[in-house]
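If you want the building blocks of each chain, they are given just below.
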Amino acid sequence: MTGGDGGRGPDRRGVLRAGAAAALALGAAGCTGGSTSRAAGPSPSTTTPATPAGTLTETPAPTPLPRPPLWQPGPGEIQPDVKRRAVELVAALGAWPPGGQGVEAARARVAALGLPPALADAAGPLAPAASEASLEVVVAQYGGILDDSASVLVVCRQWTRGPDGSVAEGGTTVDVRLGRAEPRWTVTDLRPGVAGPAAAAPSPAVARVLAEPRIELPPEAAADLRGGTVHDSVLEAMLRLAGPYTLSVSVVRTGHPLDVFGTTRPSDHPLGRAFDVWRIDGLAVVDPGTSRQLVESFMRDAAAAGAYNVGGPVAVPGGVGNQFFTDDTHHDHCHVGFNH
């Protein structure tokens, strides 16, 4: 061998240093190998980039519709299952889950109650074009009840979902006609009320009644007032009675039978000259727990407000002629009628 540097092989320490440098470079580039490798991904401190334009995002769930419990007759009712039968039908026609709209689906729901499916064809405003609907029965009161037939006025508030997912609130009053049958009464006819359009210039008393918190009006009754078809005598009496009482009105004009049930005598309701009250100071007229003194006091004050015809569950003595009356039809509400 010869001496000097130029003829020797690589220095061992230099080779080790070069190898370590290469390994560090590979590690810095993220190119590790073997069983310790892992998928590349952002570190905890990495900021996720913004969603590119046009990327689909999750649509918020639509606002759920109210789901009030189904109305049930309480204490003191005459023939409670007659009302229950009417309410079941109205609920089947006026409420459905998403995708349950349409007459065929409504017919199926009616048939499931053991009632004629063709009743669904008469649902009218109770079955608007909506993908989903829910319904609250405010009250079910008699429009009339005889031995073998009855009229039940089912007062409703309804919520429907529009094509854009929005929720609209409305309601109607349905005159459900029934006949005696076994094992339960059956429905023979269905007559949903259709209130007219709002008047261009209703009476100033209309605005006062609508703004009075002590007068509770369901949707159809409020529409009657806005339509300008209710006499001022009715409006002024409501306002006068709202001084000492809180009135829960059931029916004014629309939805009531045209004739006094079982007769050919025209009713004052369709003429805009009467209103019915089903609750006084938050207490149901039909409930035997409601003070009869309270009901009689209300009936007398209604007469003092100008009503010529006042009916209810109490036989009130006195009055002018037949000013006060009671019968099975009026055991669940107070009728207040005017002759002008």
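Quantities reported herein were computed from a predicted structural model and do not represent experimental measurements. (Residues numbered from 1 in each chain as written. Predicted model: local features only at pLDDT ≥ 70, side-chain atom pairs only at ≥ 80, totals over all residues. Heavy atoms only, no water.)

A. View of the overall build of the protein. A count of helical and extended segments in the protein gives seven helices and twelve strands. In the protein, buried positions account for 41% of the 340 residues. Within the protein, contacts between residues separated by at least 24 positions form 63% of all contacts whose residues are at least 6 apart in sequence. As displayed, the protein has an accessible area near 17800 Å², and 57% of this comes from carbon and sulfur atoms. (Helix = DSSP H or I, 4+ residues; strand = E, 2+ residues; numbered from the N terminus. Buried < 20%, exposed > 50% of the residue type's maximum accessible area, 1.4 Å probe, protein only. Contact = heavy atoms within 4.5 Å. Areas by Shrake-Rupley, 256 points an atom, 1.4 Å probe, with all protein chains shown as cover.)

B. Geometry of the side chain of D268. Examined against the element boundaries, D268 turns out to sit in the loop between β7 (247-249) and β8 (274-280). Here D268 is in contact with R273, A274, Y308 and F338, once residues within four sequence places are set aside.

C. Spatial organisation of helix α6 (residues 232-241). For α6, a buried count of seven out of ten residues is recorded, marking the element as mostly surrounded by other parts of the structure. Where α6 is buried, its residues touch α4 (204-211), β6 (215-216), α5 (219-226), β7, β8 and α7 (292-304).

D. Inspection of the packing of aromatic side chains at higher detail. By the definition in use, this model includes one aromatic pair. Pairing Y245 with F298 gives two aromatic rings, centres 5.3 Å apart and planes at 80°, and the pair type is edge-to-face. Taken as a pair, Y245 in the loop between α6 and β7 and F298 in helix α7 lie far apart in primary sequence, 53 residues in all. Given a relative accessible area of 4%, Y245 falls into the buried group. Between the NZ or CZ atom of K83 and the centre of the ring of Y142, over which it lies, the distance is 4.9 Å. (Phe/Tyr/Trp six-rings, centres within 6.5 Å; stacked < 30°, edge-to-face > 60°. Lys NZ or Arg CZ within 6 Å of the ring centre and 35° of its normal.)

E. Focus on the packing of α4 against α6. For the pair α4 and α6, the least separation of the axes is 10 Å and the interaxial angle reads 35°. When the axes of α4 and α6 are compared, the crossing they make is left-handed. Mapping the contact onto sequence places A205, V206, R208 and V209 in α4 and D232, L235, E236, M238 and L239 in α6. For the contact of α4 with α6, the residue count by class is six nonpolar, no polar and three charged. (Axes fitted to C-alpha atoms, helices over the stretch in contact; angles between N-to-C directions. Left-handed = near helix turned anticlockwise from the far one by under 90°. Nonpolar A, V, L, I, M, F, W, Y, C, P; charged D, E, K, R; others polar.)

F. Seen up close, unusual backbone geometry. Residue P183 follows E182 across a cis peptide bond; omega there is 5°. Backbone geometry places Q79, a non-glycine residue, at a positive phi of 50°. Along the polypeptide, Q79 turns up in the loop between α1 (12-28) and α2 (80-94). Using a relative accessible area of 34% as the deciding quantity, one classes Q79 as partly exposed. The phi torsion at D281 lies on the positive side, around 55°, for a residue other than glycine. By secondary structure assignment, the location of D281 is in the loop between β8 and β9 (283-284). With relative accessibility at 36%, the residue D281 sits in the partly exposed group.

G. The arrangement of the side chain of H256 in detail. Structurally, H256 can be placed in the loop between β7 and β8. For H256, a relative accessible area of 15% translates into the label buried. Only 3.5 Å separates the side chain of H256 from the side chain of S267, close enough to count as a polar contact. Aside from chain neighbours lying at most four places away, what touches H256 is L153, V251, S267, H269, P270 and D276. (Polar contact = N/O pair within 3.5 Å; in protein donor to acceptor, adjacent residues only side chain to side chain.)

H. Structural view of the pattern of salt bridges. Counted by the stated rule, this structure contains 19 salt bridges. Between E136 and R157 there is a salt bridge; the shortest N-O distance is 3.1 Å. Of this pair, E136 sits in strand β1 (residues 133-145) while R157 sits in strand β2 (residues 149-161), and the two are 21 residues apart along the sequence. Look at E136 and you get partly exposed, because its relative accessible area is 24%. Between R273 and D268 there is a salt bridge, with the nearest N and O atoms lying 3.1 Å from each other. (Salt bridge = Lys/Arg side-chain N within 4 Å of Asp/Glu carboxyl O.)

I. Structural detail: helix α3 (residues 103-111). Within the span of α3, buried status applies to A106, R109 and V110. Take α3 and look down its axis: the buried residues cluster within an arc of 100°, on one side only. Contact partners of the buried residues in α3: α2. (Arc of directions from axis to C-beta.)

J. Expanded view of the nonpolar core. In terms of nonpolar packing, the biggest core is built from 39 residues, with I215, F275 and F298 touching the most fellow members. Broken down by secondary-structure element, the contributors of at least two residues to this core are α4, α5, α6, β7, β8, α7 and β12 (334-337). Leaving out residues up to four positions away in the same chain, I215 has contacts with V209, M238, L239, A242, L247 and V249. Formed by 29 residues, the second largest nonpolar core is a distinct cluster that contains A106, A140, Y142 and L178. (Core = buried A, V, L, I, M, F, W, Y, C linked by side-chain atoms within 4.5 Å.)

K. Quick peek at the confidence of the model for the protein. This prediction gives the protein a mean pLDDT of 87; 83% of its residues lie at or above 70. Throughout residues 1-46 the model reports pLDDT below 50, and contacts reaching past four residues in sequence, or to other chains, amount to three contacts. (pLDDT = per-residue confidence, 0-100.)

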